[in-house]
Amino acid sequence: MNRWLSFELHAHTLHSDGAHTLAELAGFARQRGYDGLAVTDHNTIAAWAEWEAVTAATGVRILPGLEWTTFHGHALLLNIPQYVDWRALGTFDLERGIRAVHDQGGLFGIAHPFRLGNPICTGGYWEYRAGHGSADYLEVWSQSLPAARTGNQRAFQWWTRLLDAGCRITAVAGSDLHRLAPAEALARTYLAVDGGDDPGPAAAIRALRSGAVTVSMGPLVTVELRSAAQSWGAGSVVPAADRPSILELEVALRSTAQMAWVEIDRTDFRAVISSNRGEVCQVPLGLDGAARRSIDVNGLRWMRAELFGRIQGVAQLIAFSNPIYFQI
Ligand SMILES: [Zn+2]
Ligand SMILES: [Zn+2]
């Protein structure tokens, strides 16, 4: 049985331009009930020396990572056994760099693709015309209160266009933590991990790789499709053979530790099921409840849940699942 664990997937320490040690970041994560934290310093893995000791001391699973901070875009690397350099890559051979990451078993994520670039943040804007076809994940939500940020809205739209074009790319949130500000509304990335009672970093990486991922500033939203014999969640592919036209959809909403840290209306949630065909249906949802619908899956290539609610009094997208895919 899989469990949902919450992660912060983008954080900096004193080893690059962050204001805190890895132990301080992990202490923050533990206080807020996170299960794990990726350390992704700019072009250095110096903080990796501490990750095992910090995990042992705090119980927070640390994913050692790296943020490629190039002149034309930033990328997040996870599950790499050693530093991977980007400086030998030219503007037009990013794909070669992604292959080098994949050859080592690593994951490659595009970071904050529509952040302001030069001169505000060199390379903050993704200028590569490559990479999205072979990247494993896309940081569609960056920084605090992410849904209201124009750059994140563009990233979400870009993700949708990539899904429509047939890419299977997982969307995540990353707060890009440099300084810990206690009042900020941060989004978390939830990973559906296998691996028994105490799943470790390897189980988290497997979940991220498979797209068994959902993102939220508040409650956890999950989506599942069922036939008489089988079920499929985020990241799964519903096979074409013997696929019934009608499947049962279940959308569920669960309280999370994050909800103690955000001013959220606990009574007003609505899920929109969206797809390559546009909106499939809308369902009102109660906290710690579920809604079921029979849906016609003909013509679907992907389908996800988008959860709308109120944070700090403002109606907005507060969570979304990754897609269930359909073999065509
Ligand atoms: Zn960055
Ligand atoms: Zn960063």
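Quick look at the structure, then. What you are looking at is a predicted structure, and each value in this text was computed from that prediction instead of being measured. (Residues numbered from 1 in each chain as written. Chains lettered and ligands numbered in written order. Predicted model: local features only at pLDDT ≥ 70, side-chain atom pairs only at ≥ 80, totals over all residues. Heavy atoms only, no water.)

**Looking at the coordination of the zinc ion (ligand 2)**
As a benchmark, a tetrahedral metal site with four donors has ideal angles of 109.5 degrees, while an octahedral site with six donors has ideal angles of 90 or 180 degrees.
Now for step 1: Protein ligation of the zinc ion (ligand 2) involves H10 (NE2), H12 (NE2), E67 (OE) and D176 (OD), the donor distances falling in the range 2.0 to 2.2 Å.
Now for step 2: Given 4 donor atoms and angles of 83 to 172° at the metal, the environment of the zinc ion (ligand 2) is assigned as irregular.
Now for step 3: All donors to the zinc ion (ligand 2) come from one chain, and their sequence spacing reads H-x1-H-x54-E-x108-D.
Now for step 4: Separating the zinc ion (ligand 2) and the zinc ion (ligand 1) is a distance of 3.5 Å, and E67 donates to both of them. (Donors = N, O, S within 2.8 Å, 3.2 Å for Na, K, Ca; no water. Tetrahedral: all angles 85-135°; square planar, octahedral: opposite > 155°, others 65-115°.)

**Quick word on the coordination of the zinc ion (ligand 1)**
Now for step 1: Here the zinc ion (ligand 1) is held by the protein donor atoms E67 (OE), H74 (ND1) and H112 (NE2), which lie 2.0 to 2.1 Å from it.
Now for step 2: Between the donor residues of the zinc ion (ligand 1), the gaps in sequence give the motif E-x6-H-x37-H.

**Observations concerning the pattern of salt bridges**
Now for step 1: Going through the model one piece at a time under the given rule, you end up with 10 salt bridges.
Now for step 2: Between D85 and R87 there is a salt bridge, with the nearest N and O atoms lying 2.8 Å from each other.
Now for step 3: The exposure class assigned to R87 is exposed, which follows from its relative accessible area of 61%.
Now for step 4: Put simply, E224, R226, E250 and R292 are held in one network by salt bridges that share partners. (Salt bridge = Lys/Arg side-chain N within 4 Å of Asp/Glu carboxyl O. Buried < 20%, exposed > 50% of the residue type's maximum accessible area, 1.4 Å probe, protein only.)

**A look at helix 4 (residues 150-164)**
Now for step 1: Compared with the 21 Å implied by 1.5 Å per residue over 15 residues, the 21 Å span of helix 4 between its first and last C-alpha is a close match.
Now for step 2: Within the span of helix 4, buried status applies to G151, N152, A155, F156, W158, W159, T160, L162 and L163.
Now for step 3: On its buried face, helix 4 sits against strand 5 (107-110), strand 6 (137-142), strand 7 (170-174), strand 17 (302-311), strand 18 (314-321) and strand 19 (324-326).
Now for step 4: Two residues or fewer past helix 4, G166 is found with a positive phi of approximately 100°. (Helix = DSSP H or I, 4+ residues; strand = E, 2+ residues; numbered from the N terminus. Expected span 1.5 Å × (residues − 1). Contact = heavy atoms within 4.5 Å.)

**Topic: the sheet that holds strand 16 (residues 289-296)**
Now for step 1: Spatially, the 4 strands line up as an open sheet ordered 11-10-13-16, and their pairing is antiparallel. Either end of the sheet is taken by a strand with one partner, and the two such strands are strand 11 (231-233) and strand 16. Along the sheet, successive strands turn relative to each other by an average axial angle of 25°, direction set aside. (Pairing = 2+ DSSP bridges. Axes fitted to C-alpha atoms, helices over the stretch in contact; angles between N-to-C directions.)

**Some remarks on the environment of Y34**
Now for step 1: Following the sequence through the fold, Y34 ends up in the loop between helix 1 (22-31) and strand 2 (36-39).
Now for step 2: Y34 sits in the buried class, given a relative accessible area of 6%.
Now for step 3: Sequence separation between Y34 and A257 is 223 residues, and the spatial gap between their C-alpha atoms is 7.8 Å.
Now for step 4: Among residues more than four places away in sequence, those in contact with Y34 are S6, F7, E8, A29, V60, L186, R188 and Q258.

**Details of the side chain of E8**
Now for step 1: Within the secondary structure, E8 sits in strand 1 (residues 3-8).
Now for step 2: Despite its burial, E8 pairs with no opposite charge, the nearest such side chain being R188 at 7.5 Å.
Now for step 3: Residues in contact with E8, not counting those within four places in the same chain, are Y34, G36, L37, A38, G174, S175, D176, L177 and A187. (Lys, Arg positive; Asp, Glu negative; His and termini not counted.)

**Observations concerning the packing of aromatic side chains**
Now for step 1: Across all of its chains, the model carries 9 aromatic pairs by this definition.
Now for step 2: With a centroid separation of 5.4 Å and an interplanar angle of 75°, the aromatic rings of F156 and W159 are classed as edge-to-face. Note that F156 and W159 are positioned in helix 4 at a spacing of 3 residues, about one turn of the helix. Each member of the pair F156 and W159 is classed as buried.
Now for step 3: Judged by centre distance (5.1 Å) and plane angle (75°), the rings of F156 and F320 are edge-to-face. Of this pair, F156 sits in helix 4 while F320 sits in strand 18, and the two are 164 residues apart along the sequence.
Now for step 4: For F156, a relative accessible area of 12% puts it in the buried group.
Now for step 5: Here the aromatic cluster, defined as three or more aromatic residues joined through ring pairs, consists of W141, F156, W159 and F320.
Now for step 6: Lying across the ring of Y325, R168 places its NZ or CZ 5.3 Å from the centre.
Now for step 7: Lying over the aromatic face of Y34, R188 brings its terminal NZ or CZ to 3.7 Å of the ring centre. (Phe/Tyr/Trp six-rings, centres within 6.5 Å; stacked < 30°, edge-to-face > 60°. Lys NZ or Arg CZ within 6 Å of the ring centre and 35° of its normal.)

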